[in-house]
Each structure stands twice: as structure tokens, then as C-alpha cells.
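# Architecture at a glance
Below, each chain spelled out in residue letters.
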Amino acid sequence: MHDAHFHISDELFKDFQLYSLKGICNISSIEEYHKVQNYLKQYSFCTSIGIHPWKADSIDFKEMEPYLRKAQFIGEIGLDNTWCDVDTKIQMDVFEKQLKLANQLKKPVILHIKGMEKEALPLLKKYENCYVSHWYSCMDHLEEYDEVIDYFTIGPSVGKDEAVTRVAKKIDASKLLIESDGISAIEWATGSKEYIPTLFHSIQMIQAIKGKEIDFDLNFEQLLKRA
Ligand SMILES: [Zn+2]
């Protein structure tokens with residue numbers, strides 16, 4: 001089993017090890033980067049580094065650039081006018097700088113787009129990167145996203161949130177991956193902090209929506225080949 005998008009916590013890594021999971025840990029600051037290096041001595045997982053839209057006005061691109069250059073994946077990066085009030089001009093600027101760098105370095109990009117799906121599209125078309133869309137939860141633009149996005153990680157609200165369920169329904173099974181987004185996101189979406197049962201639930205839910213078995217781990221292996 002895999003968790004294609006998570007954030008560090010002791011709670012999560014206990015089970016991560018126990019169930020021999022594979023996955024991508026998303027890092028959003030230099031401080032967090034150093035914390036994750038300690039976990040990497042003990043556990044095996046992939047890492048992604050990026051300036052999150054929520055931090056676009058507080059983290060300097062130049063300061064993060066050396067870390068972005070070292071990263072396997074660049075992300076989560078994007079645009080968000082729903083869960084933060086960071087100036088969208090600043091968000092756009094930081095987002096584009098990172099997309100450009102990813103393009104130069106040929107690194108896959110993990111996207112966090114919320115409420116600005118339309119505004120992000122021209123940039124995604126301008127920079128032809130390998131894109132992983134994390135927890136897409138917009139009722140619009142899914143067809144346009146399908147054209148530029150290589151993989152969609154499906155959040156724990158699948159089956160409950162109509163827009164997330166729609167992604168599972170409409171997008172080809174070969175492009176679907178499982179994600180928790182970390183323990184606090186699980187708690188936010190489901191009211192419980194159960195890590196492994198949540199991943200299993202997403203797998204079962206998506207397979208029920210599709211009406212067939214899906215080899216999600218094969219999809220994840222394909223993505224890793226691009227990194
Ligand atoms: Zn995340």
C-alpha cells in the first residue's frame with residue numbers, strides 16, 4: 001500500500017513502518033526539511049519540497065531554492081484563495097518561480113490548488129511538468145485538469161465530498177493514487193485519527209465507484225519512475 005501525499009508526525013510513522021508503506025512526505029520549510037532527515041535515518045520514503053501557497057509571503061524563494069534543487073518532487077505548491085488570505089499576486093509569483101525551476105530540473109510537481117483552479121491552468125499549460133494533483137476538490141475544470149495532470153491523489157473525503165468522489169469517478173483508474181495528507185487532515189476529513197483504516201477505506205471506496213479492482217501501487221511505481 002502507499003500514501004502518495006502525507007506530512008510528518010510520530011503517529012503516522014509508527015504505522016508507516018508496521019505496514020511497510022511507500023509514500024511521499026511533503027515538506028514546506030527548511031526547519032521541517034531537517035526534521036524529516038532524522039526520520040529518514042529510520043524510515044524509507046520519498047520526499048517533496050516546496051513553498052506552500054499558505055507560506056508564499058513568509059518563505060523566501062531564494063532561501064528555499066537549494067532545497068528545491070535537491071528534492072525528488074517539488075511540492076506541494078499552488079494557489080489557494082479559500083483556506084488562506086495570502087495575497088494572490090505573491091502566490092502567483094512564488095508558484096510560477098517553482099514551476100519554472102521544476103521544468104528546468106525535470107522534477108515532478110505536487111499541486112495544491114483550492115479555489116483558483118481556473119487561474120492555475122494557464123501556468124500548468126505553460127510549464128509542461130509531470131503533475132500530481134493533490135486532493136482535487138473543485139466541481140469545475142476537471143476535464144481541463146485531466147489534460148495536463150498525470151496523477152490525481154484522492155483525499156480521505158472520497159465518498160463524502162461530491163467533488164472528490166467525482167474525481168474518482170471521471171479520471172482514468174491508471175491515474176489515481178491514494179493519499180492521507182497526514183493525520184491532522186484525516187481528522188479534519190473523517191473525525192477520526194485512524195491512519196491505515198482511512199487508506200483502506202479510500203481504496204475500497206474508489207474501487208466501488210469504479211466497479212473494479214485497481215492496482216494503485218502500480219500507478220505509484222509509475223509515478224516514481226518520473227522522479
Ligand atoms: Zn498536504
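We now turn to the structure provided with this report. (Residues numbered from 1 in each chain as written. Predicted model: local features only at pLDDT ≥ 70, side-chain atom pairs only at ≥ 80, totals over all residues. Heavy atoms only, no water.)

## Comments concerning the overall build of the protein
Counting secondary structure elements, the protein contains ten helices and eight strands. The C-alpha radius of gyration of the protein comes to 16 Å, within 12% of the 17 Å expected for a compact globule of 227 residues. Taken along the three principal axes of its C-alpha coordinates, the protein extends 45 × 40 × 35 Å. With an accessible surface of roughly 10600 Å², the protein has 47% of that area assigned to carbon and sulfur atoms. Side chains of the protein give 27 positive and 36 negative charges; the mean places of these two sets differ by 5 Å. (Helix = DSSP H or I, 4+ residues; strand = E, 2+ residues; numbered from the N terminus. Rg over C-alpha atoms; globule rule 2.2 N^0.38 Å. Areas by Shrake-Rupley, 256 points an atom, 1.4 Å probe, with all protein chains shown as cover. Lys, Arg positive; Asp, Glu negative; His and termini not counted. Charge placed at Lys NZ, Arg CZ, Asp CG, Glu CD.)

## What to know about the pattern of salt bridges
A pair can form between side chains of opposite charge whenever their charged atoms are brought close. Applying the stated rule across the entire model yields eight salt bridges. The closest approach of N and O atoms between Glu65 and Lys62, which form a salt bridge, is 2.9 Å. With a gap of three residues between them, Glu65 and Lys62 both fall in helix 3 (residues 61-70), about one helical turn apart. Within the structure, one salt-bridge network assembled from shared partners comprises Lys62, Glu65 and Arg69. (Salt bridge = Lys/Arg side-chain N within 4 Å of Asp/Glu carboxyl O.)

## Details of the coordination of the zinc ion
Each protein donor to the zinc ion is listed here as His5 (NE2), His7 (NE2), Glu76 (OE) and Asp181 (OD); together their distances run 2.1 to 2.2 Å. Here the zinc ion binds four donor atoms, and the angle range of 87 to 179° at the metal identifies the geometry as irregular. Each donor residue of the zinc ion lies on the same chain, and together they follow the pattern H-x1-H-x68-E-x104-D. With His5 in strand 1 (residues 2-6) and Asp181 in the loop between strand 8 (176-178) and helix 8 (183-190), the pair connects residues that are 176 residues apart, well separated along the chain. (Donors = N, O, S within 2.8 Å, 3.2 Å for Na, K, Ca; no water. Tetrahedral: all angles 85-135°; square planar, octahedral: opposite > 155°, others 65-115°.)

## What about the packing of aromatic side chains?
Under the definition given, this model contains 14 aromatic pairs. A centroid spacing of 4.9 Å and a plane angle of 70° characterise the contact between Tyr33 and Tyr67, whose relative ring orientation is edge-to-face. Residue Tyr33 is located in helix 2 (residues 30-42), and its partner Tyr67 is located in helix 3; the two are separated by 34 residues in the primary sequence. Residue Tyr33 shares its accessibility class with Tyr67, and that shared class is buried. An aromatic cluster of at least three residues, connected via ring pairs, comprises Phe6, Phe13, Phe16, Tyr39, Tyr43 and Phe45. (Phe/Tyr/Trp six-rings, centres within 6.5 Å; stacked < 30°, edge-to-face > 60°. Buried < 20%, exposed > 50% of the residue type's maximum accessible area, 1.4 Å probe, protein only.)

## Digging into a nonpolar patch on the surface
On the surface, Leu18, Tyr19 and Phe200 cluster together into a nonpolar patch covering about 340 Å² of accessible area. Mapped onto the secondary structure, Phe200 falls in helix 9 (residues 195-210). (Patch = residues over 30% accessible without salt bridge, like charges linked within 9 Å, V, L, I, M, F, W, Y side chains within 5 Å.)

## Some points on the packing of helix 2 against helix 3
To characterise two packed helices, one gives the angle between the axes of the helices and the distance between these axes. The N-to-C vectors of helix 2 and helix 3 enclose an angle of 35°; their axes lie 10 Å apart at closest approach. Where helix 2 abuts helix 3, its residues Ile30, Tyr33 and His34 lie against Glu63, Met64, Tyr67 and Lys70. Across the contact of helix 2 with helix 3, the residue classes tally to four nonpolar, one polar and two charged. (Axes fitted to C-alpha atoms, helices over the stretch in contact; angles between N-to-C directions. Contact = heavy atoms within 4.5 Å. Nonpolar A, V, L, I, M, F, W, Y, C, P; charged D, E, K, R; others polar.)

## Considerations on the pairing of strand 7 (residues 151-154)
Neither face of strand 7 is open: one carries Tyr151 and Thr153, the other Phe152 and Ile154, and all of them are buried. For the crossover from strand 6 (residues 131-134) across helix 6 (residues 142-148) to strand 7, the handedness is right-handed. As paired elements, strand 7 and strand 8 share three bridges and run parallel to each other. By the bridge assignment for strand 8, Thr153 is matched with Leu177. Taken together, strand 7, helix 7 (residues 162-170) and strand 8 constitute a β-α-β crossover, and its handedness is right-handed. (Right-handed = clockwise from strand over helix to strand, strands pointing away. Pairing = 2+ DSSP bridges.)

## A short note on the sheet that holds strand 3 (residues 46-49)
Read across the sheet, eight strands follow the order 1-2-3-4-5-6-7-8 without closing on themselves; strand pairing throughout is parallel. Looking at strand neighbours, the two that pair on one side only are strand 1 and strand 8, the edges of this open sheet. Along the sheet, successive strands turn relative to each other by an average axial angle of 25°, direction set aside. In the packing of helix 9 onto the sheet, contacts are made with strand 1, strand 7 and strand 8, and the angle to strand 8 comes to roughly 155°.

## Some points on the packing of helix 7 against helix 9
At a minimum axis distance of 9 Å, the contact between helix 7 and helix 9 shows a crossing angle of 60°. With respect to each other, helix 7 and helix 9 are oriented oblique. Where helix 7 crosses over helix 9, the handedness of that crossing is right-handed. Residue-level inspection shows Thr165, Ala168, Lys169 and Lys170 of helix 7 in contact with helix 9, the latter providing Ile206, Ile209 and Lys210. Across the contact of helix 7 with helix 9, the residue classes tally to three nonpolar, one polar and three charged. (Parallel < 35°, antiparallel > 145°, perpendicular 65-115°, else oblique. Left-handed = near helix turned anticlockwise from the far one by under 90°.)

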